[in-house]
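# Coordinate analysis (summary)
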Amino acid sequence: MAQAPALPGGFELPLEPRLPRVGAVDAVALEERAATLAKRSIKRESKLQALDLAIRTMDLTTLEGADTPGKVQSLATKAMRPDPSDPTIPSVAALCVYPNLVPAAVERLRGSGVKVASVATAFPSGQSPLDVKITETRDVVEAGADEVDMVIDRNAFLSGRYAKVYDEVVRTKEACGDAHLKVILETGELGTYDNVRRAALLSIAAGADFVKTSTGKISPAATLPVTLCLLEVVRDVYDETGRRIGVKAAGGIRQAKQAIQYLVLVHETLGAEWLTPDLFRFGASSLLNDVLMQIRKQRTGLYQSPDYFTVD
């Protein structure tokens, strides 16, 4: 197994002693709190700020078999200027693409401030030999990716081979160099909140910069309770070590109303400090258009037709 990294705040791994201390998650309390926070209403001015923040924390994503360099460059243009008619609308945080399309994204986004993210490590299944995963990670970083979204080996995790999962995250983090690492847990396949908490802690201990809910390729993907579970893990790690970890909610978040619910969750669990692209992200393909429509509605009182904005 790879040597446990020395992390800020003394959060080194004695991996085996830490895992039994993960603790059981009270599923009923978790789901009740998530449901309660989802009902919070916010004023119009705050809603506009939340919609603006939703865009600034968004990883605009295209992960389809029919993706082409032309589609990626078109989406990159939208990532920089989501609404060309309104210069007050901010850029998104990042554009997330498949490894072979990183060069097209890098070319179009150079100098814009929008990050290039790439999935790696045999996305979405994670079922490839480790050397293949590490090579893919190095390749996307060399191609110019600022961020890497890796998937854990759920087969190994669910079989109780935690050291293998830990080792793969450590090795992938090393291969990232200066690029940020987001670790996708694929929470819909983990079965329980206890497993989600354990997988998140394992990934953080191995060096993850972000923990991410889902690939978006299976259902259920992101949900409010599972995201709250991750936020509470991040809170506990911060309380113990002072180390700040980001959270990315991805998959199934399509409406502005949902995005606001997630932002309320972050604010109430971790505070305003986490309401930044450095520490929170949405992974989304169709969310942006709905947010743009809602911004226009808040400002003018009128809805635009959905086809007013470019189709992602």
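Read on for a plain summary of the structure. None of these values were measured; they are calculated from a predicted model.

Turning our eyes to something else, we now look at the overall build of the protein chain. When helices and strands are counted, the protein chain shows twelve helices and eight strands. Burial status across the protein chain gives 54% buried among its 312 residues. For the protein chain, the share of sequence-separated contacts (at least 6 apart) that also reach a separation of at least 24 residues comes to 75%. Surface summary for the protein chain: the accessible area is close to 13,300 Å², and the carbon and sulfur share equals 49%.

Now for the nonpolar core. In this structure, Leu95 and Phe282 are the most contacted members of the largest nonpolar core, which totals 90 residues. For Leu95, the contacting residues outside a window of four places in its chain are Leu60, Val72, Leu75, Ala76, Ala105, Leu109, Val114, Lys115, Val116 and Ala117. Formed by seven residues, the second largest nonpolar core is a distinct cluster that contains Leu63, Val119, Phe123 and Val151.

A word on the pattern of salt bridges. In this structure the tally under the stated criterion is 22 salt bridges. Linking Lys217 and Glu64 is a salt bridge whose minimum nitrogen-to-oxygen distance equals 3.7 Å. One end of the pair, Lys217, is in the loop between β6 (210-212) and α10 (224-241); the other, Glu64, is in the loop between β1 (58-61) and α4 (69-80), and 153 residues separate them in sequence. Taking the relative accessible area as the measure of exposure, Lys217 reaches 37% and is therefore partly exposed. Taking the relative accessible area as the measure of exposure, Glu64 reaches 44% and is therefore partly exposed. Linked by salt bridges that have partners in common, Asp59, Glu147, Asp149, Lys182, Lys212, Lys248 and Arg281 make up one network.

It is worth spelling out unusual backbone geometry at this point. Cis peptide bonds are those with omega within 30 degrees of zero, and the linkage from Phe123 to Pro124 qualifies with 0°. Here the residue pair Ser219 and Pro220 is connected by a cis peptide bond, since its omega of 0° sits within 30 degrees of zero. Looking at the secondary structure, you find Pro220 in the loop between β6 and α10. Despite not being glycine, Ala122 has its phi angle at roughly 65°, a positive value.

Residue position: Thr227 is located in helix α10. Its relative accessible area of 1% is what places Thr227 among the buried residues. For Thr227, the contacting residues outside a window of four places in its chain are Thr213, Val247, Ala249, Tyr262 and Leu265.

What counts, and at which threshold
Residues numbered from 1 in each chain as written. Predicted model: local features only at pLDDT ≥ 70, side-chain atom pairs only at ≥ 80, totals over all residues. Heavy atoms only, no water. Helix = DSSP H or I, 4+ residues; strand = E, 2+ residues; numbered from the N terminus. Buried < 20%, exposed > 50% of the residue type's maximum accessible area, 1.4 Å probe, protein only. Contact = heavy atoms within 4.5 Å. Areas by Shrake-Rupley, 256 points an atom, 1.4 Å probe, with all protein chains shown as cover. Core = buried A, V, L, I, M, F, W, Y, C linked by side-chain atoms within 4.5 Å. Salt bridge = Lys/Arg side-chain N within 4 Å of Asp/Glu carboxyl O.

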